[in-house]
Amino acid sequence: MKKHYYTDTDIPFKNENFQKILTFYLFNSPCEISKGTKENKTYIPVSKVDKTFSKQGWTDTNLSTLIAKMKSMSNHLEYYPISSNQSINAIEKNISLSDPNFEMIIMHTRSDMSKACAIFYYIRNGFAHGSFNVKNNIYCFESSKNGITKAKIRLKEETLLKWIDCFYEFPKKCKSKSYEKKNKLKKSKKELVAT
């Protein structure tokens, strides 16, 4: 893989999958920046479209579930969330990138975003700033600020598409399961009181 992930090939604008990925991760970015305390948290959307993580139901209680679900959708995903004082380039040197089926995320974590939100944010930045490359259905993204690399990501097209579906579908399933559990608990309490 090249040192930088900047586009050096034709962008597949006419490809339907590329259009879906670009629309979701860039134009309809669900990313949001959190401000305030845990008790009094507010979220500021990155995109004016405002289809955010919190509005979709991805909150503190199930964001770790989202990361686990995202990782499970890849056959082999190396995931390295690191602190801001660590070098992404140094970690990347220790990873073999010769296998194109090998997916990876190396990123600085953010105090104002969940890890899942940060992944989507760095993908968004790669698209927004032209720091991406698409070749043989493999997408490479780089996000930098003030000359410091904040993230390097390499994902298959099918993984990016699965994550879009997961973002919209899974929290509804979580809600319905928790709703069913609450109803069962209420029902069993009523039965206990009645006996």
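Structure first, text after, so check above.
This write-up is about the structure you can find in this document.

Parameters and conventions
Residues numbered from 1 in each chain as written. Predicted model: local features only at pLDDT ≥ 70, side-chain atom pairs only at ≥ 80, totals over all residues. Heavy atoms only, no water. 1 Å grid on protein atoms, 1.4 Å probe; cavity = no way out; pocket = protein on both sides within 12 Å on 5 of 7 lines; lining within 4 Å. Points joined across faces, edges and corners; volume = space filled by probe spheres on them. Helix = DSSP H or I, 4+ residues; strand = E, 2+ residues; numbered from the N terminus. Buried < 20%, exposed > 50% of the residue type's maximum accessible area, 1.4 Å probe, protein only. Polar contact = N/O pair within 3.5 Å; in protein donor to acceptor, adjacent residues only side chain to side chain. Contact = heavy atoms within 4.5 Å. Core = buried A, V, L, I, M, F, W, Y, C linked by side-chain atoms within 4.5 Å.

With that settled, the discussion passes to the layout of surface pockets. Roughly 200 Å³ of internal volume is contained in the second largest pocket. Lining the second largest pocket are 16 residues, and of these Tyr43, Asp60, Leu63, Met113 and Ser114 lie nearest its centre. Among the secondary structure elements, those contributing two or more residues to the lining of the second largest pocket are strand S1 (32-36), strand S2 (41-45) and helix H2 (53-56). A per-element tally of the lining of the second largest pocket places S1 first, with three residues.

Checked against the element boundaries, Asp112 lands in the loop between strand S4 (103-108) and helix H5 (115-128). In this structure Asp112 comes out as buried when scored by relative accessible area, which is 18%. Polar side-chain contacts of Asp112 include one of 2.9 Å to the side chain of Arg110. Once you skip the residues sitting within four places of it in the chain, Asp112 turns out to touch Glu32, Ile33 and Ser34.

Turning to the nonpolar core, a few remarks are in order. As a rule of thumb, soluble globular proteins bury nonpolar side chains together. Core analysis: the biggest nonpolar cluster contains 42 residues, and Tyr25, Phe53, Ile119, Phe120, Ile123, Phe127 and Trp163 have the highest contact counts within it. At nine residues, the largest contribution of residues to this core is made by H5. With near-sequence residues (within four places) excluded, Ile123 lies in contact with Tyr25, Phe141, Ile153, Leu155, Leu160 and Trp163. Ile82, Ile88, Ile95 and Met104 belong to the second-largest nonpolar core, a separate cluster that totals seven residues.

That's the geometry; what it means functionally is another story.
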